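Observations on the three-dimensional arrangement
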Amino acid sequence: MISKKSCILSMIAAICIGSANTASAGNMEVNVGDYLKPGMNDSQAVDAALYVSRNAESRTLIFKGKTFILTKAVELPSNTTVIIDNCTITQADCTFDNIFRGNNYVIDPENPFDYVLEVKPLKNIRIIGKGNAVISGCDHNRKIYHPFFKEKQLAVGDYYGWRTHLLHFADLDGFEFANFKIEKSRGWAIVLGMSKNGYIHDIEFDTHVKNGDGINLRHGAAHILMENITGFTSDDTIALNGTPGKFPATRKPHNLYTGNPWLKELLKRSDDSRNFHHIEIRNLKVAGTYHAIIMLCTGGAKMHDIKISDITDTGKRNCHLVDLYTGYGYGSGYNPGDIHDVEISNINGNSDCRGENEVKAALTIQLPVKNVSISNITNTGNGKDCILTHPEGVILVDIKPEQIYNKLTK
C-alpha cells in the first residue's frame, strides 16, 4: 500500500523544487508587461521576456496588471516559474494552440498538429496564481475542415488532438500548478504525459466542452499529489489514463490529430515507463457530467500505490463518482491485477441511475484487481454505494453487504 510518508515526500519535493527556482541567486524575474511595446501583441511581449531571461539559471515570468490575450502557446523552458498575479491569461479568438506547454517538443513542420519528432527532457515548471488568477480559452474557437465529416467543425475535443489542451506538458520532472481557475477549455484542461514529481492543488475548473476533463495524467505518471480541486467539469475531473501507446496508432476516422504527440518517444523506453504509481488524490468537491475520478487501465499498463480519499459530489451526477475500469470494455489488454495496492476512502457520491436499466454508484470497480481496500463509501442519489463486478482482490473496511451491488444493470 502507498504510505503517507511517500506522499508527503512527493509534495515536499515539488515545493522545494519551486522554492529553489524563485529563491536562488541565479533566478531572474521578468514582468511580461514591461516588454509590451507599441505595435506588439501580448504573445510577442512574452517571447521578449523569455528571450531576455534565456541565459539565467532560472526565471520567474510574471503576468499582472492587465488581461493578457495570447495568439500562440507560451513555451516554457526548464526551471521556470509563472506567476499569474490577479489577472486573466486568455487567447485571441480562433487561436488553435495550448496556452502553456514546454519548449521541449521538436515539432514536425509537415504535421505541426500531430506527432512530434522528439521530446527532450524538461524539469522544474511552476504555474502559480495569486488572488483572482484565471487561465481561459478563447471566446470563439477556430473551425477546421474535417475530411471524415466533410465539413468545417469547431476544433474542440479529442477529434482535434493535443492542441486543444490548455496546459500541456510531457517528460516533465518536477512541477507545481496551483491557485488558479481554468475556464473555456476546448478539450482536456491540464495534460501531463510521462511526467513525475508534481503537486497540483487549489484549482477550480469550469469546463463545458466535449472531452472537458480537468486533469488528464497519461503514460508514466508517478509521485504526484493532487488536492483541493473544485468546480465543474464536462468530462472526468481527474483521469489516470493508461490507454495503449502505439505508433502509428490505430486511429478512429473521427480523430484528425493525436492527443498523445509524445508516442514516438514513449516507445523508445521500457514498458515500465507506461505505469502509474505513487499518486495521491484527495479533497475534491466537484460536480460534473461524468466521473470525478477514473483509473482507466488497458494495454498492459499498471497502476499501483494509489490513494484516493475525501471525494464529494456537489451536484447530481448521472455517472459513477469514482470508477476503475478499462474504458472500452473488459478484454482490451487489461491483465488481472494490473491495478493493485490502492486505497479508496471517504467517497461521498450523489449518483442517480441512468435510464431504466443502467446502474450508477459512488464507487465502481469493473475489473479484477489486487489488494484494493475501500472504506466509507456512501451515495445519496438513487444509485448504489458500491458496484463490484469483480469482488476478488477488494478488501472491504466497514462496508456492509447491502452496500455492494454486483452488476452495472438492473
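Residues numbered from 1 in each chain as written. Predicted model: local features only at pLDDT ≥ 70, side-chain atom pairs only at ≥ 80, totals over all residues. Heavy atoms only, no water.

Re empty space enclosed by the protein
In this structure the tally under the stated criterion is one cavity of 30 Å³ or more. Volume-wise, the largest cavity comes out at about 30 Å³. Around the largest cavity, the lining residues are S43, V46, D47, L70, K72, A73 and V74. In terms of residue count, helix α2 (residues 42-52) provides more of the lining of the largest cavity than any other element does, three residues in total. (1 Å grid on protein atoms, 1.4 Å probe; cavity = no way out; pocket = protein on both sides within 12 Å on 5 of 7 lines; lining within 4 Å. Points joined across faces, edges and corners; volume = space filled by probe spheres on them. Helix = DSSP H or I, 4+ residues; strand = E, 2+ residues; numbered from the N terminus.)

A look at the sheet that holds strand β24 (residues 322-325)
Strands sit in the order β4-β7-β14-β16-β18-β20-β22-β24-β26-β28-β30 across an open sheet of eleven strands; the sheet is parallel. Since the sheet does not close on itself, it has two edges, and those belong to β4 (74-76) and β30 (404-405), each with one partner. Here two bridges tie strand β28 (residues 384-388) to β30, and the two strands are oriented parallel to one another. The partner of C386 across the bridge, within β30, is I404. (Pairing = 2+ DSSP bridges.)

Quick notes on the pairing of strand β5 (residues 80-85)
Most of β5 is tucked away: five of the six residues are buried. Relative to β5, strand β2 (residues 58-64) is paired through six bridges, and the arrangement is parallel. The residue bridging F63 from the neighbouring strand is I84, located in β5. One ladder, built from six bridges, connects β5 with strand β10 (residues 122-130); its direction is parallel. (Buried < 20%, exposed > 50% of the residue type's maximum accessible area, 1.4 Å probe, protein only.)

Re the pairing of strand β13 (residues 151-154)
Two elements, strand β12 (residues 143-146) and β13, share four bridges in a ladder whose sense is antiparallel. Directly across from I144, in β13, lies its bridge partner Q153. Here β12 folds back onto β13 in antiparallel fashion, the turn holding four residues, of which K150 has a positive phi close to 55°.

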